[in-house]
Amino acid sequence: RRSSDLTVLGNYKNSILSLSGKNSYTGDTILRNRANLNIDGVNVASKTVIESGHLYGSGWLGHVYNNDNLHNYSYFRNMNTNELRTKHGMVIEGDYKQTDKGILNLYLGTPLLVKGYANLGGTLNVEGIDVGYITKYGKIFEDVLVSQKGISGKFDQLITPTSLLVPELTYNTLNLGEGKRLYT
């Protein structure tokens, strides 16, 4: 641990630290003891480690290591505000690693965007469907995570609302031409 790290400690019921704007510290961001952190700004210079707690956000982050709960939406999403930040998910500028204990929480229609590699394990929890989301041909085919460099591993468990009758996970590679690909 470096002196420039930001360590967020939990154990406080219903308390959350929220960061917005462009954060200038260069150390890692570490969540411990059931901490709650919301990042709706830019925090790409560091690695974010969720040891124990919940990371929410609609911001831009560096590398992310998820050993507990990542929520791909702002903490303020369900507070009936009409803020722009409540309509978007995260962009991870680096790699995303989710352990077998990790949970990725999201809404269909807002995929987690990863510019690096995604290493998956643990649980995918689909909390619902974005308002205004339209299905194709009466079926939902939706990316929950998009990586520019590749995906390894798979989610071990899928949790969905009962409104999704027969949920299924598939993994794809999309060839964009000129040697460019997206992994979903």
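Small disclaimer: the values here were computed from a predicted structure and weren't measured.

Give me the sheet that holds strand 3 (residues 29-32): which residues, what numbers.
The seven strands lie next to each other as 1-3-6-9-12-15-18, forming an open sheet whose pairing is parallel. Each edge of the open sheet is held by one strand with a lone partner, namely strand 1 (6-9) and strand 18 (150-153). Mean inter-strand twist for the sheet, computed between neighbouring axes without regard to direction, equals 10°. Two strands pair when backbone bridges link them, and strand 3 and strand 6 (residues 48-50) are joined in this way by three bridges, in the parallel orientation. Bridging across to strand 6, Leu-31 finds its partner in Ile-50.

Can you tell me about the pattern of salt bridges, naming the residues and giving the values?
This structure, assessed with the given rule, holds three salt bridges. A salt bridge links Asp-28 to Lys-47, with the nearest nitrogen and oxygen atoms 3.9 Å apart. Remark: Lys-47 occurs in the loop between strand 5 (42-43) and strand 6 and Asp-28 occurs in the loop between strand 2 (17-19) and strand 3; sequence separation between them is 19 residues. Using a relative accessible area of 15% as the deciding quantity, one classes Asp-28 as buried. Of the charged contacts, one joins Glu-93 and Lys-115 as a salt bridge, the two residues approaching to 3.5 Å between their closest N and O atoms. Within this pair, whereas Glu-93 is found in the loop between strand 11 (91-92) and strand 12 (96-98), its partner Lys-115 is found in the loop between strand 14 (112-114) and strand 15 (117-120), the two being separated by 22 residues in sequence.

Could you give me a rundown of the sheet that holds strand 13 (residues 103-108), with the residues and numbers involved?
Backbone-to-backbone hydrogen bonds pair the strands of a sheet. The strands run either parallel or antiparallel. Overall, parallel pairing links the seven strands, which are arranged 2-4-7-10-13-16-19 in an open sheet. Edge positions in the sheet fall to strand 2 and strand 19 (157-159), since each of these pairs with one other strand and no more. Neighbouring strand axes in the sheet, compared pairwise and without regard to direction, differ in orientation by 20° on average. Examined bridge by bridge, strand 13 and strand 16 (residues 123-129) share six bridges and lie parallel to one another. Within strand 16, the position partnered with Tyr-107 by the bridge is Gly-128.

The rules behind these values
- Residues numbered from 1 in each chain as written.
- Predicted model: local features only at pLDDT ≥ 70, side-chain atom pairs only at ≥ 80, totals over all residues.
- Heavy atoms only, no water.
- Pairing = 2+ DSSP bridges.
- Helix = DSSP H or I, 4+ residues; strand = E, 2+ residues; numbered from the N terminus.
- Axes fitted to C-alpha atoms, helices over the stretch in contact; angles between N-to-C directions.
- Salt bridge = Lys/Arg side-chain N within 4 Å of Asp/Glu carboxyl O.
- Buried < 20%, exposed > 50% of the residue type's maximum accessible area, 1.4 Å probe, protein only.

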